[in-house]
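# Tertiary structure, described
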Amino acid sequence: MNMSHHSTPIRALAIVGGLAILAVILGVIFTFGRSYLGLEVVTTNPGSDVSAWTVFNAPIQHFQIKFPNYPSQSSGSFPATSTLEAVPYTEYAAKDVNGDYYAVSVETFPDSTDVSNASQFLDSVVTASVASVNGTAVKTQAGTFSNYASEDYSLKSSTYYLRARAILVGHTVYFVEMVSGGNAFPNFDAYAATLVLTAAA
C-alpha cells in the first residue's frame, strides 16, 4: 500500500516471530506504516467486470494477474528480528472505481526457513497476519492453488475488511488480496482466479 518502510503506496507484509505478518492498509488506515494515501489511481477500466481488467505480468516474480488498473509497485525488506533475517518483498496494488484495493505481495523467505509442513507454515502466517492488525479472523480455509499449498482467509479490523489467499511456492509466499471498507467481496474469487504462476519460485 507509498507503504510504510518504503516510499510508494499499497499494502504490506511483515515478518515477526520467524514467520510472515501481514499488514494491510486501506485509505487512511495505518498499520505497519504503509498507507494508501497518495496512491495514484487511474480508473481506465470501468466497473467490476474482472474479465475486462488489465493483464499484468511480473516476470521477475513469476506471476501474472488481472488488475482493475495498472498497479503501483512497492518493494523493500522487513527488518531482521531476533529469530529471522530480513525478508524482501515486492508488492503491486491497484484501486477500482468502487474504492476497493487489489494487491499481490510476493515475499521470499530464507532457505533456512522451515516450510516442510506447508499447511502449518501458512496457518502460522495467517494467524500472525490477523494478530498484527488487531483483527478478527472471520474465516480460514486450507486448500491448494495450481498444486501448491494455499490458505484462503478473511479478517475484520476496526476500520476495514480483508479477504486474501496465501500461496506457498518453495520459500516464496504469494499473497493475493482484496481490501474493502465493507464486508462484501463480489470480485475476489474472479480476481484471484486470474492469478497465473508462471514458474516455480
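Here is what the cut-offs are and how they apply
Residues numbered from 1 in each chain as written. Predicted model: local features only at pLDDT ≥ 70, side-chain atom pairs only at ≥ 80, totals over all residues. Heavy atoms only, no water. Helix = DSSP H or I, 4+ residues; strand = E, 2+ residues; numbered from the N terminus. Buried < 20%, exposed > 50% of the residue type's maximum accessible area, 1.4 Å probe, protein only. Areas by Shrake-Rupley, 256 points an atom, 1.4 Å probe, with all protein chains shown as cover. Polar contact = N/O pair within 3.5 Å; in protein donor to acceptor, adjacent residues only side chain to side chain. Core = buried A, V, L, I, M, F, W, Y, C linked by side-chain atoms within 4.5 Å. Contact = heavy atoms within 4.5 Å. Pairing = 2+ DSSP bridges.

Right, let's talk about the overall build of the chain for a bit. Scanning the chain from N- to C-terminus turns up 2 helices and 12 strands. Mapped in sequence order, the helices and strands of the chain form the string β-β-β-β-β-β-β-α-β-β-β-β-α-β. Looking at the 201 residues of the chain, the share that counts as buried comes to 52%. Total accessible area on the chain is roughly 8,400 Å²; 50% of this is exposed by carbon and sulfur atoms.

Summarising the element assignment, Ser157 is placed in the loop between strand E9 (148-156) and strand E10 (161-169). The exposure class assigned to Ser157 is buried, which follows from its relative accessible area of 7%. Here the side chain of Ser157 touches Thr159 through a polar contact of 3.1 Å, landing on its backbone nitrogen.

A few words on the nonpolar core. As a rule of thumb, soluble globular proteins bury nonpolar side chains together. Counting residues in hydrophobic clusters, the biggest one holds 25 residues, and the most contacted among them are Phe63, Ile65, Phe67, Val104, Tyr191, Leu195 and Leu197. Where this core is concerned, the elements lending two or more residues are strand E3 (54-58), strand E4 (63-67), strand E6 (87-95), strand E7 (101-108), E10, strand E11 (172-180) and helix H2 (188-193). Those residues in contact with Tyr191 that lie beyond four places of it in its chain are Val50, Trp53, Ile65, Lys66, Phe67, Tyr102, Ala103, Val104, Val176 and Glu177. Formed by 19 residues, the second largest nonpolar core is a distinct cluster that contains Phe109, Val130, Phe175 and Val179.

This part covers the sheet that holds E3. In space, the 3 strands of this open sheet follow the order E3-E4-E12, with antiparallel pairing throughout. Each having just a single partner strand, E3 and strand E12 (196-197) make up the two edges of the open sheet. Both E4 and E12 contribute to a ladder of 2 bridges, which runs antiparallel. Considered in E12, the bridge of Gln64 is made with Val196.

Honestly, that's just the spatial picture; any functional story needs more than this.
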